[in-house]
Amino acid sequence: QKEVEQDPGPLSVPEGAIVSLNCTYSNSAFQYFMWYRQYSRKGPELLMYTYSSGNKEDGRFTAQVDKSSKYISLFIRDSQPSDSATYLCAMLTSGTYKYIFGTGTRLKVLA
Amino acid sequence: EAGVTQFPSHSVIEKGQTVTLRCDPISGHDNLYWYRRVMGKEIKFLLHFVKESKQDESGMPNNRFLAERTGGTYSTLKVQPAELEDSGVYFCASSQDLGLSEQYFGPGTRLTVT
């Protein structure tokens, strides 16, 4: 069983929709949770990170962590065509620097 | 500030040949990481340097892979001899501090072994 599961998509939504992206994990030692965005032929870039259960908001993006369910989400409000990319969740255990990634979800926002 | 750069962007080699990938981290970043994404799979950790020292090489697949970071600046990842299953995208990342510190990724080198 993979440590991190993520639906690869693709996910197509109309412009302006609310997007929900999710990851589940099996390792209860994960303490840090990141969301990366990757455009085609580019490297991943960090969108948000959090280390506690609950919500964290940054503009149109909200990251949610539920440690009891081992489930994390990224919500994108008022989605734009420029949000079309692959979204990767990544996790870390305390004291290590070895990111464990999900496979990524490919998102397409249609104008 | 220049980001993480990687060279080449794409390499096509035959099975049995040798390839060397290069990564230039962000200036001043002591931590350098190599990751690999094989088609259809997740990005996986290969190894971590702190300056010129290998801190963690638990993700290196086998002894055909050799990573170096002489002088604690740029790093190279050599694959010798290359096998078909080595095809994928190799990412380099760097970070400034130990602890939870954002890892900045390069654009990757796409390696195709035929």
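Residues numbered from 1 in each chain as written. Chains lettered and ligands numbered in written order. Predicted model: local features only at pLDDT ≥ 70, side-chain atom pairs only at ≥ 80, totals over all residues. Heavy atoms only, no water.

Side note on the environment of Pro-81 of chain B
Residue and element names in this part refer to chain B. Note the threshold: Here a strand is any run of E in DSSP of at least two residues, a helix any run of H or I of at least four, and the numbering for each starts at the N terminus. Residues are treated as being in contact if the distance between any of their heavy atoms lies within 4.5 Å.
The topology assignment puts Pro-81 in the loop between strand S8 (75–79) and strand S9 (88–95). As a C-alpha pair, Pro-81 and Lys-15 span 66 residues in sequence and 7.2 Å in three-dimensional space. Among residues more than four places away in sequence, those in contact with Pro-81 are Gly-16, Gln-17, Arg-64 and Asp-86.

Some words on the state of the cysteines
Selection rule: Criterion for a disulfide: a pair of cysteine sulfur atoms at a distance within 2.5 Å. Accessibility here uses a 1.4 Å probe with only protein chains present; expressed as a share of the type maximum, an area under 20% marks a residue as buried, one over 50% as exposed, and anything in between as partly exposed.
For the structure shown, the criterion picks out two disulfides over all chains. Here Cys-23 of chain A is linked by a disulfide to Cys-89 of chain A, with a sulfur-sulfur distance of 2.0 Å. In this structure the cystine formed by Cys-23 of chain A and Cys-89 of chain A twists about its S-S bond by roughly -100°; its chirality is therefore left-handed. Taken together, the residues span a long stretch of sequence, with Cys-23 of chain A in strand S3 (residues 19–25) and Cys-89 of chain A in strand S9 (residues 85–93) at a distance of 66 residues. For the pair Cys-23 of chain A and Cys-89 of chain A, a shared accessibility class is recorded, and that class is buried. The side chain of Cys-23 of chain B participates in a disulfide bridge whose partner is Cys-92 of chain B; the two sulfur atoms lie 1.8 Å from each other. Across the disulfide from Cys-23 of chain B to Cys-92 of chain B, rotation about the S-S bond amounts to roughly -60°, and the bridge is consequently left-handed. One end of the pair, Cys-23 of chain B, is in strand S3 (residues 19–24); the other, Cys-92 of chain B, is in strand S9, and 69 residues separate them in sequence.

Re the sheet that holds strand S6 (residues 54–58) of chain A
Residues and elements named next belong to chain A. Counted only if it meets this: Two strands form a pair only when DSSP identifies at least two bridges running between them. Every angle, taken between N-to-C directions, lies between 0 and 180 degrees, and every axis is a line fitted to C-alpha atoms, over only the stretch in contact when it is a helix.
Strand order in the open sheet formed by five strands is S1-S3-S8-S7-S6, and the pairing between neighbours is antiparallel. The sheet terminates laterally at strand S1 (4–6) and S6, the two strands that pair on one side only. The mean angle between the axes of side-by-side strands here comes to 20°, regardless of whether they run parallel or antiparallel. Pairing analysis gives five bridges linking S6 to strand S7 (residues 61–66), with the strands arranged antiparallel. Each bridged residue has a counterpart across the sheet, and for Lys-56 the counterpart in S7 is Ala-63.

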